[in-house]
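Chains, contacts and geometry: an overview
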Amino acid sequence: MTELRRRLLNGERGVAVFLWVFAALGIWWKWGKLDSLIWLDPAWWLNEYARYARGELPYRDYYWPYGPLSADVFAWPMHWLGTRFTVAQVVIDIVSLLVIFLVYRIARRLVPSPLAEMIAILLIAVGITARTYFSLFSLIAYAPAVHVGAVGVLLTTWAILAYIDDARPRTAWLALGAWIACLSKHETAVAMIAELGILFVFDRRFHFRQRTTWDWFRTYALRLSLCLAVPAIVYAGWANVAGWNKFLACIQGFGLANIACPWWPTGFGLTGIVVELGEAWLLLAVASLFVPSWRARLGRRRWLICVTAGLAMAGAVAFQWRLISDLLFGHRSFGQRWQADVTELLSTRSVLRPVLVSCYVYLIAIVVSGIRNSFVLTSARFKDLLLVAIPAAMSLRTLFGSLLVLDLLEVPAASYPFLLLVGPYLLYAVLTRRRDNEDGGFVFNGAAMTFCAALLIGYCVIRMVGGYSSMLSNASFGVLQTPAGSILLTNSAIERPILDYILKNTNQSDTILEIPFGGGMSFATGRRSAAYSTIFYQLRPPAAIQEEDLRRIADHPPEVVIAPNEPNFGTLYGHTGTIGCVFPRFVWQPDVPASDPSYIFPFVDYLEHNYRVDRKIGEWILWRPIHHDHGP
């Protein structure tokens, strides 16, 4: 045992303690913070869970595009303890801790300590400084369906990796993880099906190589039925309650799922893939400077990696020149340019894109190798196949269009914890040649460990320094007292008067309407939402749903309508920008509109004829029914 390894192992307990102290600090830093009550995902999903807690059913009574499980996880505690911010905060903290714990347990199976602990610390550092996407311990989060689904996929992954090692099936854990993943979100359901499919195919020549084909088939018929039948029955039950047309419209995201067109046949897309692969090679070239065993294994091939790395650096600079040139020569102040441009250059998705593209390449290589070898894989390759298949499966939809990044490969929020796990693991595996270890166990290499740890620590420091003032410190948040409890709100100066206005001008039994994408005021005040739909832009709801929205609003006119100071109350039929399908045309960037600005929702016409502006607060307008005798 080398002296370096002895020091690292002696420090394992200290790193593990720091991991959970860091998690506790994350809970404290993120407690009760929100950006807005009337805009974007957090305000929206809080209200959706509250509607369920108060007796309304997703799919049947309001729009819900994900599986039902996360609604149950959040709504039942709210039903028992009250629709309060504190209840939602505690639930998201528990789910976040489960994600961290499972990532840590999987990392312990893949890499030696303290790298395993550092992977979990990296996940926390990224999670508490992520704005909306896969954030941890935070109400400022993309729909927590991704968090709940991640728990399911991680649980099943842990069970499968353990099964590969010792042949104990752990069927109960396998099935539980599958149920959670399939009932949470589309990406986690697809990843689960991919995992189970890989296990089914390649286990025939692994643990079942000495058994009959019938034994293998019968065993997996039972396992797969147990894993997938329960979610299928649950979905069928919800569809029966809500009505199949409504249920299918919701699950398809009111037409969002139909934006399916190849993303990569654009000049920007193809160039981007090459650049991301080059950045991965650049990292390996840098590693050759610090890891002697890796440098020795490369031998004369090292010059090829260095040349590739140089080309990759030039390509990355050219590809990101829009940001780099603005940083160096932009017209805004240097502080503003630094905040905007460096944040994007070092963002989670920018760091994870090379990992995701590498996962696709490695996945194809393993599958081709497995087919050539009659589906025989070593333990290490079997594990690698499962690990890279998860984020690859979760990201399949982004190969066919993205709503967030129009000219780059998007990294879905659901894949963040898996890429943050797989990236350091694959880097360490390459540097130590772990994949040649037949039993799949890890190999200790002090230089490789130090290099990987330095990368992780460095990026953690960047995240903490860059995100502390805006996301962890309380300085940019104002305290807002609401009937649902106290919160720290970024936009408190504007939204406090709106909250006071609603409380003053409505009763508990009244309805309100938040347009085009909100709901947090309904959650905070306890006022019910008037419409079935809850998002009035990006989506293309069916005509029947639009008529139901109009009928509900006309039957129970909202006492207050909150909308931005924009035409048609800020609504839009479809998504802004040019993200429509260009295939098979080859263009540099998409150039097809994905919305119809001339389309007017039926309820918009009703509001324009029956409501009038009562007050303007910031960029928001508060509308009241015309029959109310209120002053301007």
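Placed above this text is the structure.
The structure presented is a predicted model; accordingly, all values stated were derived computationally and were not measured.

Thresholds, definitions, all that
Residues numbered from 1 in each chain as written. Predicted model: local features only at pLDDT ≥ 70, side-chain atom pairs only at ≥ 80, totals over all residues. Heavy atoms only, no water. Helix = DSSP H or I, 4+ residues; strand = E, 2+ residues; numbered from the N terminus. Rg over C-alpha atoms; globule rule 2.2 N^0.38 Å. Buried < 20%, exposed > 50% of the residue type's maximum accessible area, 1.4 Å probe, protein only. Contact = heavy atoms within 4.5 Å. Areas by Shrake-Rupley, 256 points an atom, 1.4 Å probe, with all protein chains shown as cover. Lys, Arg positive; Asp, Glu negative; His and termini not counted. Charge placed at Lys NZ, Arg CZ, Asp CG, Glu CD. 1 Å grid on protein atoms, 1.4 Å probe; cavity = no way out; pocket = protein on both sides within 12 Å on 5 of 7 lines; lining within 4 Å. Points joined across faces, edges and corners; volume = space filled by probe spheres on them. Nonpolar A, V, L, I, M, F, W, Y, C, P; charged D, E, K, R; others polar. Pairing = 2+ DSSP bridges. Polar contact = N/O pair within 3.5 Å; in protein donor to acceptor, adjacent residues only side chain to side chain. Axes fitted to C-alpha atoms, helices over the stretch in contact; angles between N-to-C directions. Parallel < 35°, antiparallel > 145°, perpendicular 65-115°, else oblique. Left-handed = near helix turned anticlockwise from the far one by under 90°. Phe/Tyr/Trp six-rings, centres within 6.5 Å; stacked < 30°, edge-to-face > 60°. Lys NZ or Arg CZ within 6 Å of the ring centre and 35° of its normal. Expected span 1.5 Å × (residues − 1). Salt bridge = Lys/Arg side-chain N within 4 Å of Asp/Glu carboxyl O.

**Comments concerning the overall build of the protein**
The secondary structure content of the protein amounts to 24 helices and 10 strands. Whereas a compact globule of 632 residues would reach a radius of gyration of roughly 26 Å, the protein reaches 26 Å, a difference of no more than 12%. Projecting the C-alpha coordinates of the protein onto the three principal axes gives extents of approximately 85 × 65 × 55 Å. Every one of the 632 residues in the protein was classed for burial, and the buried ones make up 57%. Restricting to contacts in the protein with at least 6 residues of sequence separation, those with at least 24 account for 70%. Summed over its atoms, the accessible surface of the protein is roughly 26,200 Å², and 64% of this surface lies on carbon and sulfur atoms. Once the 54 positive and 44 negative side-chain charges of the protein are each reduced to a mean point, those two points are 11 Å apart.

**Section: empty space enclosed by the protein**
In the structure shown here, the tally under the stated rule is three cavities of 30 Å³ or more. Computed from the structure, the largest cavity encloses a volume of approximately 90 Å³. Of all the secondary structure elements, the ones that give two or more residues to the lining of the largest cavity are helix H3 (41-53) and strand S4 (511-514). When grouped by side-chain class, the residues that make up the lining of the largest cavity number five nonpolar, seven polar and two charged.

**Description of the sheet that holds strand S10 (residues 620-625)**
The five strands lie next to each other as S5-S4-S6-S10-S9, forming an open sheet whose pairing is mixed. On the outer flanks of this sheet lie strand S5 (528-529) and strand S9 (611-617), each paired with one strand and no other. Judged from the two bridges that link them, S4 and S5 form a sheet pairing that is parallel. Among the inter-strand pairings, Ile 512 is bridged to a residue of S5, identified as Ser 529.

**So, the pairing of strand S2 (residues 478-482)**
Here S2 shows a buried face lined by Gly 478, Leu 480 and Thr 482 and an unburied face lined by Val 479 and Gln 481. Taken together, the five bridges between S2 and strand S3 (residues 485-489) define a ladder with antiparallel strand orientation. From the neighbouring strand, Thr 482 faces S3, where its bridge partner is Gly 485.

**A few points about the side chain of Lys 383**
Structurally, Lys 383 can be placed in helix H18 (residues 379-394). Separated by 2.6 Å, the side chains of Lys 383 and Asp 165 make a polar contact.

**Considering the packing of helix H5 (residues 85-110) against helix H6 (residues 115-128)**
In the contact formed by H5 and H6, the axes pass within 8 Å of each other and the chain directions differ by 150°. In terms of axis orientation, H5 runs roughly antiparallel to H6. You can see that H5 and H6 cross each other, and the crossing is right-handed. Residues Val 99, Ile 100, Val 103, Tyr 104, Ala 107 and Arg 108 of H5 lie in contact with H6, whose contacting residues are Ala 116, Glu 117, Ile 119, Ala 120, Leu 123 and Ile 124.

**Points about the pairing of strand S6 (residues 560-564)**
Among the five residues that make up S6, five are buried, leaving the element largely enclosed by the rest of the structure. Bridge count for S4 against S6 is three bridges, and the pairing is parallel. Opposite Glu 514, over in S6, you have Ile 562 as the bridge partner.

**Section: the packing of aromatic side chains**
Taken as a whole and assessed by the stated rule, the structure comprises 42 aromatic pairs. Ring geometry for Phe 85 and Phe 523: centres 4.8 Å apart, planes at 55°, overall tilted. Taken together, the residues span a long stretch of sequence, with Phe 85 in helix H5 and Phe 523 in helix H22 (residues 520-525) at a distance of 438 residues. Given a relative accessible area of 3%, Phe 85 falls into the buried group. The class for Phe 523 is buried, based on a relative accessible area of 1%. Between the NZ or CZ atom of Arg 223 and the centre of the ring of Tyr 163, over which it lies, the distance is 5.1 Å. One cation-aromatic arrangement involves Arg 223 over Tyr 220; the distance from NZ or CZ to the ring centre is 4.8 Å.

**What to know about the side chain of Ser 184**
Take Ser 184: it is sitting in the loop between helix H8 (171-182) and helix H9 (186-202). At 3.4 Å, the side chain of Ser 184 and the backbone nitrogen of Gly 149 are in polar contact. Contacts of Ser 184, omitting those with residues within four sequence positions, involve Tyr 66, Gly 67, Leu 69, Ala 145, Val 148, Gly 149 and Tyr 235.

**A word on the environment of Arg 551**
Note on placement: Arg 551 falls in helix H23 (residues 543-555). Residue class for Arg 551 comes out partly exposed when judged on its relative accessible area of 46%. Between the alpha carbons of Arg 551 and Val 230 there is a distance of 36 Å; along the sequence they are 321 residues apart.

**Remarks on helix H7 (residues 145-166)**
For H7, spanning 22 residues, the distance from its first C-alpha to its last is 32 Å, which sits close to the expected 32 Å at 1.5 Å a residue. With respect to burial, H7 is a largely interior element, 20 of its 22 residues being buried. Phi turns positive, to about 70°, at Ala 167, one or two residues after H7.

**A closer look at the pattern of salt bridges**
Across all of its chains, the model carries 13 salt bridges by this definition. With its nearest N and O atoms 3.6 Å apart, the salt bridge here joins Arg 528 to Glu 56. Highlighted residues: Arg 528 in strand S5 and Glu 56 in the loop between H3 and helix H4 (69-81), separated in sequence by 472 residues. We classify Glu 56 as buried; its relative accessible area is 14%. Its salt-bridge partner being Glu 548, residue Lys 246 comes within 3.1 Å of it at the nearest N-O pair. With Lys 246 in helix H11 (residues 244-251) and Glu 548 in helix H23, this pair connects stretches of sequence that are 302 residues apart. Comparing Lys 246 with Glu 548 shows no difference in burial state: the two are buried. Shared partners join several salt bridges into a network, and the residues in it are Arg 51, Glu 56 and Arg 528.

**Considering the environment of Glu 495**
Positionally, Glu 495 belongs in helix H21 (residues 492-505). Distance from Glu 495 to Leu 37, taken between C-alpha atoms, is 7.4 Å for residues 458 residues apart in sequence. With residues near it in sequence (within four places) discarded, Glu 495 still touches Asp 35, Ser 36, Leu 37, Ile 38, Leu 489 and Met 521. There is a polar contact of 2.7 Å between the side chain of Glu 495 and the backbone nitrogen of Leu 37.

Purely spatial values, then, with no claim about function.
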